[in-house]
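Examination of the molecular architecture
Chain by chain, the residues run as shown.
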Amino acid sequence: MNNKLQLLKEIIKSSDNIVFFTGAGVSTESNIPDFRSATGLYSNKYNNYRPEEIISHTFFMKKTKMFYDYYFAKMVYKDALPNKAHHAITKLEKLGKLKAVITQNIDNLHQTAGTKNVYELHGSVKRNYCMKCHKFYSLEELIKIKNHPICSCGGIIKPDVVLYEEPLDEEVIDNALEKIINAEVLIVAGTSLTVQPAASFVSYFRGKYLIIINKEVTPLDNYATLVFHESVGEVLDEALKDMWGQYDNNMHH
Ligand code: ZN
């Protein structure tokens, strides 16, 4: 094991106040494409519209049908499964080391892996609500009626996903910032920190160790204690390897 991994391992072992800030790179190994990467969604037009335009509040209200065609073709991965990265984070929570995960992802995979304390800055494809009466619809229910996503009350059913032109949820922001401000270790994983305002949250960190695990360079690399330009799943898996014994003991006794 190299020095960087050894150090990461020691930092994780020593702390019970670790917060993760995650982005698309955590889910690419679950075969969910990264929106903003060169090969990702944003590089392709759809029916002559830019994806940023389609995923906006105005577009959703005006062309709901085309929005949903795009949304279900490109943004919803109903059968995606959590990968090594999600599972490692869940185990840290069960070991009492993880305080929270703050994620920019909308895929629900942290929760599917079993992590409990997740703050979703951009919402979740798993929740949908009628805009008029606020009735809840599951993803499965919405898929059945996606060609006519209208509630029994006549209102339009909208995913609980933050679209362009829409603000982030204030309660989620408050909780996420509180966790970041009070964290001892902040691990930024799978995000290039280019999506605002979410990315600016990381600048509130004033704890001991900032760790960055992301395939590409990020604007905060120079401020981090440790930087890994590698797969999140591989790094976490390797760093946590011999902590599993402790975990299994906790689980079985
Ligand atoms: Zn309704």
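This report concerns the structure included in the present document. Remember, it's a predicted structure, so these values are computed and weren't measured experimentally.

What follows is about the pattern of salt bridges. Overall, the coordinates contain 11 salt bridges when judged by the stated rule. Its salt-bridge partner being lysine 9, residue aspartate 242 comes within 3.2 Å of it at the nearest N-O pair. Remark: lysine 9 occurs in helix H1 (residues 3-14) and aspartate 242 occurs in the loop between helix H9 (232-240) and helix H10 (244-252); sequence separation between them is 233 residues. The exposure class of aspartate 242 is partly exposed, given its relative accessible area of 48%. Among the residues examined, lysine 9 registers a relative accessible area of 10% and is labelled buried.

Here the focus is the layout of surface pockets. Taken as a whole, the second largest pocket spans an internal volume of roughly 400 Å³. Lining the second largest pocket we find 20 residues, and of these Gly123, Asp160, Val161, Val162 and Asp169 sit closest to its centre. Listing elements by their share of the lining of the second largest pocket, those giving two or more residues are strand E3 (118-120), strand E4 (123-130) and strand E6 (157-161). Tallied by class, the residues present in the lining of the second largest pocket amount to 12 nonpolar, 2 polar and 6 charged.

What the 3 strands build is an open sheet, ordered E5-E4-E6; its pairing is antiparallel. Two strands lie at the open edges of the sheet, namely strand E5 (136-138) and E6, each paired on one side alone. Between one strand axis and the next, the sheet turns by 40° as a mean value, whatever way the strands run. In the sheet, E4 pairs with E6 via 5 bridges, with the strands oriented antiparallel. Bridge assignment links cysteine 130 to a residue of E6, and that residue is isoleucine 157. The strands touched by helix H4 (residues 64-74) are E4 and E6; relative to E6, the strand with the most contacts, the crossing angle is about 45°.

Relative to the helices and strands, isoleucine 180 resides in helix H8 (residues 170-182). Along the sequence, isoleucine 180 and tyrosine 68 sit 112 residues apart, while their C-alpha atoms lie 34 Å from each other. Contacts of isoleucine 180, omitting those with residues within four sequence positions, involve Phe21, Ile102, Leu186, Phe201, Tyr204 and Phe205.

Reading guide: rules and limits
- All chains use their own residue numbering, which begins from 1 and follows the written sequence.
- Local features in this predicted model are restricted to residues whose pLDDT is 70 or higher, and side-chain atom pairs enter the listing and the counts only when it is 80 or higher, whereas totals over whole chains, interfaces and linings include all residues.
- Side-chain calculation: all heavy atoms of the structure are included, whereas hydrogens and water are not.
- For salt bridges, the criterion is a side-chain nitrogen of Lys or Arg within 4 Å of an Asp or Glu carboxyl oxygen.
- Helical segments are the DSSP runs of H or I of at least four residues, strand segments are the runs of E of at least two, and each set is numbered from the N terminus.
- Working definition: with a 1.4 Å probe on protein chains only, accessible area under 20% of the residue-type maximum means buried, over 50% means exposed, and in between means partly exposed.
- Two kinds of site are reported from a 1 Å grid over the protein atoms alone, namely cavities, where a 1.4 Å probe fits but cannot get out, and pockets, open sets with protein on both sides within 12 Å along at least five of seven lines, and residues are called lining when an atom falls within 4 Å of a point.
- Grid points are joined across faces, edges and corners, and a volume is the space filled by probe spheres set on the points.
- Here the nonpolar group is Ala, Val, Leu, Ile, Met, Phe, Trp, Tyr, Cys and Pro; Asp, Glu, Lys and Arg are the charged ones; every other residue, Gly included, is treated as polar.
- Here the rule is simple: two strands pair whenever DSSP picks up at least two bridges between them.
- Axis lines are fitted to C-alpha atoms, over the contacting stretch for helices. Their N-to-C directions set the angle, which ranges from 0 to 180 degrees.
- Note on definitions: a residue-residue contact is assigned when non-hydrogen atoms from the two residues lie within 4.5 Å.

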